[in-house]
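Letter by letter, the chains look like this.
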Amino acid sequence: MLFSRPKIKKPTFYEELYYINSEQELVCRFSPYSVIKKEFEKIGLDTNEATIEELMAQISLMFLEGYSSKIDEDPNYSLGQFKQTEFYKIRFVLLNHLKEVGFYLYDYKEEIMPKKIKAFYKKINAQK
């Protein structure tokens, strides 16, 4: 009799994009607008009158400031450690939500996307 190993599905990049918020809700890049809006408010970003690119820039700045402050505290702090923090996970999910909205708004057509959104779109398609 031959024994076979059970097939274990390795989580894909997209399945790892979630966190559990303070209301015990699962938040992912496909969460409803009402949930995402509350999450933006929690981290101090006002989505009213802001463009997708502006919000992406603000979240990127938060990443930079958060990581820089950790390095100031401990020069041996690694990016891998930072990526395990709740601070990083929340902003990473919200950033990916913004990317997905941007792709959807431009109907997933690279030729009409703004440069920054197109760059993210190309990078994600390269990972598939």
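Presented here is an overview of the structure given in this document. (Residues numbered from 1 in each chain as written. Predicted model: local features only at pLDDT ≥ 70, side-chain atom pairs only at ≥ 80, totals over all residues. Heavy atoms only, no water.)

1. Description of the packing of helix α4 (residues 86–105) against helix α5 (residues 115–127)
To characterise two packed helices, one gives the angle between the axes of the helices and the distance between these axes. Between α4 and α5, the least distance of the axes is 10 Å, while the angle of their chain directions is 100°. Classed by the angle they form, the pair α4 and α5 counts as roughly perpendicular. Of α5, the residues touching α4 (which contributes Lys 99, Gly 102 and Phe 103) are Ile 117, Phe 120, Tyr 121 and Ile 124. Each residue belonging to the contact of α4 with α5 can be placed in one class, and the counts come to 5 nonpolar, 1 polar and 1 charged. (Axes fitted to C-alpha atoms, helices over the stretch in contact; angles between N-to-C directions. Helix = DSSP H or I, 4+ residues; strand = E, 2+ residues; numbered from the N terminus. Parallel < 35°, antiparallel > 145°, perpendicular 65-115°, else oblique. Contact = heavy atoms within 4.5 Å. Nonpolar A, V, L, I, M, F, W, Y, C, P; charged D, E, K, R; others polar.)

2. A closer look at the nonpolar core
A general feature of soluble globular proteins is that nonpolar side chains tend to end up buried together. One finds Phe 40, Ile 59, Leu 94 and Leu 98 to be the most contacted residues of the largest nonpolar core, which totals 26 residues. Counting only elements with at least two residues in this core, the list comes to α1 (33–42), α2 (52–73), α4 and α5. A total of 7 residues in this core trace back to one element, the largest contributor, which is α4. Setting aside residues up to four positions removed in sequence, Phe 40 forms contacts with Leu 45, Thr 47, Ile 59, Leu 94 and Leu 98. (Core = buried A, V, L, I, M, F, W, Y, C linked by side-chain atoms within 4.5 Å. Buried < 20%, exposed > 50% of the residue type's maximum accessible area, 1.4 Å probe, protein only.)

3. As for α5
The α-helix advances 3.6 residues per turn, and as a result positions three or four apart in sequence lie on the same side. With 13 residues, α5 extends 19 Å between its outermost C-alpha atoms, agreeing within 8% with the 18 Å of an ideal straight helix rising 1.5 Å per residue. Where α5 is concerned, the buried positions are Ile 117, Tyr 121 and Ile 124. Buried residues in α5, looked at end-on, bunch into an arc of 65°, giving them a common side. The exposed set on the far side of α5, more than 90 degrees from its buried face, consists of Lys 115, Lys 116, Lys 123 and Ala 126. (Expected span 1.5 Å × (residues − 1). Arc of directions from axis to C-beta.)

4. Some remarks on unusual backbone geometry
Positive phi, close to 65°, is recorded for Glu 49, a residue that is not glycine. In this structure, Glu 49 sits in the loop between α1 and α2. Given a relative accessible area of 83%, Glu 49 falls into the exposed group. Look at Tyr 108: it is not a glycine, yet its phi comes out positive at around 60°. With respect to the helices, strands and loops of the structure, Tyr 108 is situated in the loop between α4 and α5.

5. Focus: the layout of surface pockets
Taken as a whole, the second largest pocket holds about 250 Å³ of empty space. Looking at the second largest pocket, it is lined by 13 residues, and the ones nearest its centre are Tyr 33, Leu 55, His 97, Leu 98 and Val 101. Of all elements in the fold, only α1, α2 and α4 reach the threshold of two or more residues within the lining of the second largest pocket. Here the residues of the lining of the second largest pocket sort into 8 nonpolar, 4 polar and 1 charged. (1 Å grid on protein atoms, 1.4 Å probe; cavity = no way out; pocket = protein on both sides within 12 Å on 5 of 7 lines; lining within 4 Å. Points joined across faces, edges and corners; volume = space filled by probe spheres on them.)

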